[in-house]
Each structure stands twice: as C-alpha cells, then as structure tokens.
Amino acid sequence: MNNKKILLVEDEPGLVVTLSDRLRNEGYDVETASDGKQALGRASAGDVDLIILDVMLPFKSGLDVCRDLRSQNVTIPILMLTARSQIVDKVVGLKLGADDYLTKPFDMLELLARVEALLRRPAPSGASNAAYQSGTLRVDFKSTTVWRDTQKVMLSAREFQLLRYFIEHRGETISREELLKNVWGYESTPNTRTVDVHVAWLRQKLEDDPKHPRLILTVQGLGYRFAG
Ligand code: CA
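Residues numbered from 1 in each chain as written. Predicted model: local features only at pLDDT ≥ 70, side-chain atom pairs only at ≥ 80, totals over all residues. Heavy atoms only, no water.

> So what about the coordination of the calcium ion? Which residues, and what values?
Distances from the calcium ion to its protein donors, namely E10 (OE), D11 (OD), D54 (OD) and M56 (O), fall within the range 2.1 to 3.0 Å. For D11, a relative accessible area of 34% puts it in the partly exposed group. Classification of M56 as exposed rests on a relative accessible area of 53%. (Donors = N, O, S within 2.8 Å, 3.2 Å for Na, K, Ca; no water. Buried < 20%, exposed > 50% of the residue type's maximum accessible area, 1.4 Å probe, protein only.)

> Just give me the short version of the sheet that holds strand β5 (residues 100–104), but keep the residues and values in it.
Strand order in the open sheet formed by 5 strands is β2-β1-β3-β4-β5, and the pairing between neighbours is parallel. Edge positions in the open sheet fall to β2 (29–33) and β5, since each of these has one partner strand only. Ignoring strand direction, the axes of neighbouring strands in this sheet form an average angle of 20°. Note: strand β4 (residues 78–83) against β5, 5 bridges, orientation parallel. Its bridge partner being in β5, T82 is matched across the sheet by T103. Packed on one face of the sheet, helix α3 (residues 62–71) meets β3 (50–54) and β4 and runs near 160° to β4. (Pairing = 2+ DSSP bridges. Helix = DSSP H or I, 4+ residues; strand = E, 2+ residues; numbered from the N terminus. Axes fitted to C-alpha atoms, helices over the stretch in contact; angles between N-to-C directions. Contact = heavy atoms within 4.5 Å.)

> Could you give an account of the pairing of strand β6 (residues 131–134), with specific residues and numbers?
For a regular strand, side-chain orientation follows a simple rule: the groups alternate between the two sheet faces. Of the strand pairs in this sheet, β6 and strand β7 (residues 137–140) are connected by 4 bridges, and their pairing is antiparallel. Residue pairing across strands places A131 opposite D140, the latter belonging to β7. From the end of β6 to the start of β7, which pair antiparallel, there are 2 residues, and G135 there has a positive phi angle of about 60°.

> A description of the sheet that holds β7 should follow, citing residues and the corresponding values.
Ordered in space as β6-β7-β8-β9, the 4 strands form an open sheet in which the pairing is antiparallel. Pairing within the sheet leaves two strands with one partner each, and these edge strands are β6 and β9 (151–153). With direction set aside, neighbouring strand axes in the sheet form an average angle of 20°. With 3 bridges connecting them, strand β8 (residues 145–148) and β9 associate as antiparallel partners. Among the inter-strand pairings, R148 is bridged to a residue of β9, identified as Q151. Sheet contacts for helix α6 (residues 157–168): β6, β7 and β8; angle to β7, the most-contacted strand, approximately 105°. Against the sheet, helix α8 (residues 193–206) contacts β7, β8 and β9, and its axis sits at roughly 50° relative to β8.

> Describe the nonpolar core, and please don't skip the residues or the numbers.
In this structure, V139, V146, L163, F166, L179 and F226 are the most contacted members of the largest nonpolar core, which totals 28 residues. Mapped by element, the contributors of at least two residues to this core are β7, α6, α7 (176–184), α8 and β12 (223–226). Counting residues per element, this core draws most heavily on α6, which supplies 6 residues. Beyond its immediate stretch of four places on either side in the chain, L163 contacts V139, V146, L155, L202, L206 and F226. L7, V9, V48 and I76 belong to the second largest nonpolar core, which has 21 residues in total. (Core = buried A, V, L, I, M, F, W, Y, C linked by side-chain atoms within 4.5 Å.)

> Requested: an account of the pattern of salt bridges, with residues and values cited.
Where charged atoms from two side chains of opposite charge come close, those side chains can pair. What the rule picks out here adds up to 15 salt bridges. The partner of D100 in a salt bridge is R114, and the shortest N-O contact between them spans 3.1 Å. With D100 in strand β5 and R114 in helix α5 (residues 108–119), the pair connects residues that are 14 residues apart, well separated along the chain. For D100, a relative accessible area of 10% translates into the label buried. Each of K5, E31, R42 and D47 takes part in one network of salt bridges that share partners. (Salt bridge = Lys/Arg side-chain N within 4 Å of Asp/Glu carboxyl O.)

> Before we move on, can you summarise the packing of aromatic side chains with the specific residues and values?
According to the stated counting rule, one finds 4 aromatic pairs in the structure shown. Relative to F226, the ring of F166 has its centre 6.2 Å away and its plane inclined at 15°; by these criteria the two rings are stacked. Taken as a pair, F166 in helix α6 and F226 in strand β12 lie far apart in primary sequence, 60 residues in all. With a relative accessible area of 0%, F166 lands in the buried category. Under the relative-accessibility criterion, F226 is labelled buried at 1%. (Phe/Tyr/Trp six-rings, centres within 6.5 Å; stacked < 30°, edge-to-face > 60°.)

Function cannot be inferred from these measures alone, as they are strictly geometric.
So, in structure tokens, the structure goes:
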C-alpha cells in the first residue's frame, strides 16, 4: 500500500469529488485546495508528494502557482490540467516547471498512469557525486540547485532528473527510449516526443545558444549525448 500524499487543486466541485474518490481508492492520501492561494499554502507546508494542478483557478491561476512554487525551490512533481483550448497554457506550464500535463476531459486510467509515473523515483545511482561542474554550469545534487555562473536556474523535478541522468552518463549516446524508461519510469514507450520537449527546455535554460547546443548534443537517429 502506498501512502503518498497528493494535493489536488481544482475548483470544480464535481471533478474534485470524482478525482479524490478515485485516488483514495488507489491508496493515496488526498488533500484538496480550491484556489491558487490555498494551493500555495498547502504545497509550501511540505509533506505533499505530488500536485495535480488545474490551470483555471480563482484568485491565482495554476500557472502562477507553478511558477511561485518553483521559484521557492519546491521540486514536488506537478501534473497540470488544461482545457482543450489552452494549448498555450500547456507550453507555458512546462516552461514554468510543470512535469507533465493532461488535457480535459481526460481518461481516469490515463491520469492514474501519469500520477504513478511521476511518483516513481528514478533508480538511485551510486555514480553521482554531491556536485558537478563544467564550464559555467554548476549542479548541487544534494540541494538540487543549478547555477549558470552566479545565476540560479529554475528546473522542474523532471528536468533536474533528466539533467542528472545526462551527467551520470556523460559521453554516452542515450536513446529516447532509455531516457523514458530510466528518467520517466515509463515501461512502454507512449511518446518519445516528451523527451524532446524536455530536452528543448533544458537547452533553453542551460545552453548559451540553445539553437547550437554544446552541452546536450543530438545524435542523429539515435538520441542524445551529454558533452559537459
Ligand atoms: Ca478549474
């Protein structure tokens, strides 16, 4: 039995009931918040393992909540819920540090699969030291903090795990399937595009010139190679 705690942030009462019932049936502890302010308070208080965050909320949008949490260095995985018409929000959400998103209306089994994948910790690797440095890039694995020069870089939990995996396997060619399996915990391969999107965000945040990356290189037809 897992006793992971999920914070569900949604203002539609019907959906709150349906979702929390289902999640509790799966063995999760569920806390709910119906607006952005409440959500920030609960999430910053700690002991939450995952946040399901609706974008359309009263007072403070899900996007603002996401950005505020990441800027406070809260690295709890965030699954964002967007409406079909909010394609822009989806992109902005990932940029602000959400780890994954689902478009409403969604299939309940799909939601549970995403939740499970986000909660699964990546396999611990003995290879990682406490810190890593290459050029202007500096990573502290203990505090999960990343700097470029003196500038702190905001990464989502998934982006950080991806960066860590790259660093631990630097110099190796890594396929998208391998990344999905070891960083995302996906057994089957639902969509390798997820990897490309996250690599693109990492490059935006870490590379001097994201269009001509020097850290995370594309290996044509095979995957990626970390050259730091
Ligand atoms: Ca809503």
